[in-house]
Amino acid sequence: MRSLLKRLKGFVRSRSIHVTVVNTGGCNGCDIEILACYTYRYDLEQYGIYYHNNPRKSDVLIVTGPVTYQWREKLERLYRKVPEPKAVVAVGACACSGGIFNQEGGRVCGPVREIIPVDAEVPGCPPRPEEIVSAIVEVVPRLFRAWEFRRGSEHGAEAGG
Amino acid sequence: MLPDYLGQILTRKGGKRLLDAHSPRRILDRPPRFRDFPRIDLDRCVVCGACADACPVGEAENQPPALEMGDRGPVLHRERCIRCGLCAEVCPVGAIEVGTLAEEVKERVVPSKPARVVVDRDLCVGCGRCQEVCPSDAIEVDETASVDPERCVLCERCIQACPVAGAIKLIPLDVEELARRWTEHLKEALRRAREG
């Protein structure tokens, strides 16, 4: 019975996801592709994923761009503001590896996964909207469906704090 | 229309799609000039390293470059690649495909030349007339003339301008072409002998 309730909770959670998009110093190309995800051709809202730029009310943090030194602490703070259950999607080559900015002469902290835990990465410069859509639509609901079963273990301590 | 729709629902996959908004949809068509991640054909690769030199994403601390040369050919690191398509453009054998850009690049790959202009260094006097007439600046004269085969367009003007017979020669790389030229040469010699 409890398990059924957990599954129901997970099902409902996976159907209503609010995302926050953060650009941590990229060239704005990935943000434009994310914008294209919300147009009629690749409608993300039909999957129940809403654009809601408020970290305290959202479930998913979409990070684009290499993390500059100015963004490093702010990104950590932003991540702590997002309530559990939460997921982070790194979109673009910059967020996955630092991209073209992360080479000799560039001043960036490098991939997002070295600063905050990342659940899905979408490579590409910029990635196609359908690649972003498939990353968000296939990976993130799966996380939220399983979260009720995981929350007692390592995640519970994090949620309390 | 309606049978199509019903068929989509009545199959197992269609029924699942109706109930679950999260099941994957079909991938949309690629627009023209779309650049995907490079697909590398290792069988055609000649391991020249031109693609790795052209790649704009260099090595960083604990991050590899986007294209790295391995023993058997280039190795692509997807998280570094910015899909600029430069690797496909510089590839001399067309072994790299980048989305729908591949067809355009294929047209630009220059076919190998049917012949080669060769200077006989023993006969060349270094007068520099061939350098003057060459339309593509392929010849450089430094004591004797030397030809850059990449720039040469096989116009044979240098052969006409050369004062020494046989110092500059056109050598076809194709066997059939060689045979055709040889028979022509023989006929010409025969005709001259009869007239003379």
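Calculation rules
Residues numbered from 1 in each chain as written. Chains lettered and ligands numbered in written order. Predicted model: local features only at pLDDT ≥ 70, side-chain atom pairs only at ≥ 80, totals over all residues. Pairing = 2+ DSSP bridges. Helix = DSSP H or I, 4+ residues; strand = E, 2+ residues; numbered from the N terminus. Axes fitted to C-alpha atoms, helices over the stretch in contact; angles between N-to-C directions. Contact = placed C-beta atoms within 7 Å. Nonpolar A, V, L, I, M, F, W, Y, C, P; charged D, E, K, R; others polar. Right-handed = clockwise from strand over helix to strand, strands pointing away. pLDDT = per-residue confidence, 0-100.

## Brief notes about the sheet that holds strand β2 (residues 49–51) of chain A
All names here are of chain A. Spatially, β2-β1-β3-β4-β5 is the arrangement adopted by the five strands of the open sheet, whose pairing is parallel. Of all strands in the sheet, those with a lone pairing partner are β2 and β5 (120–122), marking the two edges. Here the average twist between neighbouring strands, direction ignored, is 25°. Across the sheet, helix α5 (residues 129–150) is in contact with β1 (17–23), β2, β3 (60–64), β4 (87–91) and β5; its angle to β4 comes to roughly 160°.

## Examining the interface of chain B and chain A
Listed as interface residues are 17 residues of chain B and, on the opposing side, 21 residues of chain A. A breakdown of the residues in the side of chain B that touches chain A according to their chemical character gives nine nonpolar, three polar and five charged.

## Structural notes on the pairing of strand β6 (residues 139–142) of chain B
Residue and element names in this part refer to chain B. Where β6 and strand β7 (residues 144–147) come together, four bridges link them in antiparallel fashion. Bridge pairing in β7 links Glu140 to Ser146. What sits between the antiparallel neighbours β6 and β7 is a turn of one residue, in which Glu143 has the positive phi angle 70°.

## A closer look at the pairing of β1 of chain A
Residue and element names in this part refer to chain A. Two elements, β1 and β2, share three bridges in a ladder whose sense is parallel. Paired with His18 across the bridge in β2 is Tyr50. Following the chain from β1 across helix α2 (residues 29–37) to the adjacent parallel β2, one finds a crossover that is right-handed. The pairing of β1 with β3 spans five bridges and is classified as parallel. Paired with Thr20 across the bridge in β3 is Leu61.

## Re the confidence of the model for chain B
In this model, chain B carries a mean pLDDT of 78, and residues with pLDDT of at least 70 account for 78%. Interface confidence for the predicted complex, given as ipTM, is 0.71, next to a pTM of 0.64.

## Some thoughts on the confidence of the model for chain A
The share of residues in chain A with pLDDT of 70 or more is 94%, and the mean pLDDT across the chain is 83. Counting interchain partners and residues more than four positions distant, the pLDDT-below-50 stretch residues 156–161 of chain A has four contacts.

## Looking at unusual backbone geometry
Following Glu84 of chain A, the chain continues to Pro85 of chain A via a peptide bond in cis, the omega torsion being -5°. Here Pro85 of chain A lies in the loop between α3 (69–81) and β4. For the peptide bond that leads from Cys125 of chain A to Pro126 of chain A, omega is -10°, which places it in the cis range. Structurally, the position occupied by Pro126 of chain A is in the loop between β5 and α5. With a phi close to 55°, Arg83 of chain B is a non-glycine residue in the positive phi region. Relative to the helices and strands, Arg83 of chain B is located in the loop between β3 (74–76) and α4 (86–90). Unusually for a residue other than glycine, Glu143 of chain B sits at a positive phi of about 70°. The topology assignment puts Glu143 of chain B in the loop between β6 and β7.

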